[in-house]
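Letter by letter, the chains look like this.
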Amino acid sequence: MKSIDWSNLGFGYVKTDYNVRINYRNGEWGELEVCSDEYINIHMAATCLHYGQEAFEGMKAFKGKDGKIRIFRIKDNAERLQTSCEGICMAKLPIEKYEEAVIKAVKLNERFVPPYESGASLYIRPILFGTGAQIGVHPGKEFMFVVMVTPVGPYFKEGFKPNPYAILRQYDRVAPLGTGRYKVGGNYAAGMLAGEHAKSLGYAAVLFLDSKEKKYLDECGPANFFGIRGTSYITPQSDSILPSITNKSLMTLAKEIGLTVEQRPVLEEELSTFDEAGACGTAAVISPVERVDDLDMNKSYVISKDGKAGPYSTKLYNKLRAIQYGDESDKYGWITIVE
Ligand SMILES: *Cc1c(COP(=O)(O)O)cnc(C)c1O
């Protein structure tokens, strides 16, 4: 077997040995199947292809100093997938089946879990989609759940440093009472043009405002947003934000280190009052925000004056990573050890 250069892994797709699948037919979820084929054979009239019935999750497994493999907050992800399934009329996968499939996929691909020293991890991508043949617009009656995994490199190759974000008022990611709170592929298709536009202008991603009034902060690219003002951790609340499990974890850790947590609508103008800000999600844990440019309004909110991540963001980032890699005790019960 060709050995993997762990230190040069990016965020692409690396083929692993197995994926795990479960089919939903005749009103019930079947048995777990282990598969080595990277391809999926589905009917051309499948509802995922025509009407976007697809939801996904994103998680990571980490190898500790002790050689043990740890998966972060598996149950929370399983529950969120159920919420996403309800949101777009798909059959809900039982929590235990989700957990069993994820653990199995990680275990079977154990040799792809990067070593502790590399700072890399095994990315876990569960997907659930409609496979029933259906041309009328109805929810399908057949679904497939697949767990694929792929090793990914450390997110910050050039160190943990802030990036600029743009507000692009000509785009909305989701409708005010739409599907923003679900982790569905359709939201990503809808946000891609805005994201590519921002990148073409040299920004890391779009900081979306609420679609209704364009006054409040919403999602930050495919991540949640938070700001630090004094000793407060402030994160937007809105019906169109996907509840990030990283953000939920950071809120817990913020309280632990003595910060006050505020989850509430956050006005764009408040950007000028933040000492630190970040985008948070599984991929990077925290991507610090250097500044936010509201291009149509000719406004620039500079958050990081020295081009460095702030002290609280750094502390929260290090603390969460330490729990994930098993360097710090798992006092909140977030870790599942793969035996
Ligand atoms: C997945 C996702 C996030 C981050 O969620 P985590 O559970 O922290 O990975 C944030 N926003 C959107 C739109 C997402 O899809």
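Definitions and cut-offs
- Residues numbered from 1 in each chain as written.
- Predicted model: local features only at pLDDT ≥ 70, side-chain atom pairs only at ≥ 80, totals over all residues.
- Heavy atoms only, no water.
- UniProt positions renumbered as here; feature names shortened; annotations may be inferred.
- Helix = DSSP H or I, 4+ residues; strand = E, 2+ residues; numbered from the N terminus.
- Rg over C-alpha atoms; globule rule 2.2 N^0.38 Å.
- Contact = heavy atoms within 4.5 Å.
- Areas by Shrake-Rupley, 256 points an atom, 1.4 Å probe, with all protein chains shown as cover.
- Phe/Tyr/Trp six-rings, centres within 6.5 Å; stacked < 30°, edge-to-face > 60°.
- Pairing = 2+ DSSP bridges.
- Expected span 1.5 Å × (residues − 1).
- Buried < 20%, exposed > 50% of the residue type's maximum accessible area, 1.4 Å probe, protein only.

The name given to the protein in an unreviewed UniProt entry is Branched-chain-amino-acid aminotransferase, with the source organism recorded as Bacteroides coprosuis DSM 18011. Taken verbatim from the UniProt record of the protein, the Function (unreviewed entry) comment is "Acts on leucine, isoleucine and valine." The UniProt entry for the protein carries the following text under Cofactor (unreviewed entry): "pyridoxal 5'-phosphate".

Chemist: Help me understand the overall build of the protein in this model?
Modeler: In terms of helices and strands, the protein carries 6 helices and 18 strands. Taken over the C-alpha trace, the protein has a radius of gyration of 20 Å; the compact-globule value for 339 residues is 20 Å, and the two agree within 12%. Dimensions of the protein, computed from C-alpha atoms along their principal axes, come out at roughly 55 × 50 × 35 Å. Taking contacts inside the protein between residues at least 6 apart in sequence as the whole, the part at least 24 apart equals 72%. Counting every atom, the protein has about 15500 Å² of accessible surface; 51% of that belongs to carbon and sulfur.

Chemist: In this structure, what is going on with the packing of aromatic side chains? I would like to understand it.
Modeler: Pairs of aromatic rings are described using the distance from one ring centre to the other and the angle between the two planes. Throughout the structure, instances matching the rule amount to 11 aromatic pairs. Each residue in the set Tyr 24, Trp 29 and Phe 143 is aromatic and connected to the rest through ring pairs, giving one cluster.

Chemist: In this structure, what is going on with the pairing of strand β17 (residues 299-302)? I would like to understand it.
Modeler: Pairing analysis gives 4 bridges linking strand β16 (residues 285-294) to β17, with the strands arranged antiparallel. What sits directly across from Asp 293, in β17, is Ser 300. Following β16, the chain reverses through 4 residues before pairing antiparallel with β17; Asn 298 in that reversal takes a positive phi of roughly 55 degrees.

Chemist: Looking at this structure, how should I read helix α6 (residues 311-324)?
Modeler: Taking 1.5 Å per residue, 14 residues should reach 20 Å; α6 reaches 20 Å between its end C-alpha atoms and fits that length. Inspection of α6 places Ser 313, Leu 316, Tyr 317, Lys 319, Leu 320, Ala 322, Ile 323 and Gln 324 among the buried residues, and these make up the whole buried set. Downstream of α6 by one or two residues, Gly 326 has phi in the positive range, about 85 degrees.

Chemist: What exactly am I supposed to notice about the UniProt feature "modified residue: N6-(pyridoxal phosphate)lysine" (unreviewed entry) in the protein here?
Modeler: UniProt records the feature "modified residue: N6-(pyridoxal phosphate)lysine" (unreviewed entry) at Lys 183, using the numbering of this structure. Mapped onto the elements of the fold, Lys 183 is located in the loop between β9 (163-167) and α4 (185-200). For Lys 183, a relative accessible area of 12% puts it in the buried group. Setting aside anything within four residues of it in sequence, one finds Lys 183 in contact with Ala 55, Phe 56, Glu 57, Gly 58, Arg 80, Ser 84, Tyr 188 and Leu 242.

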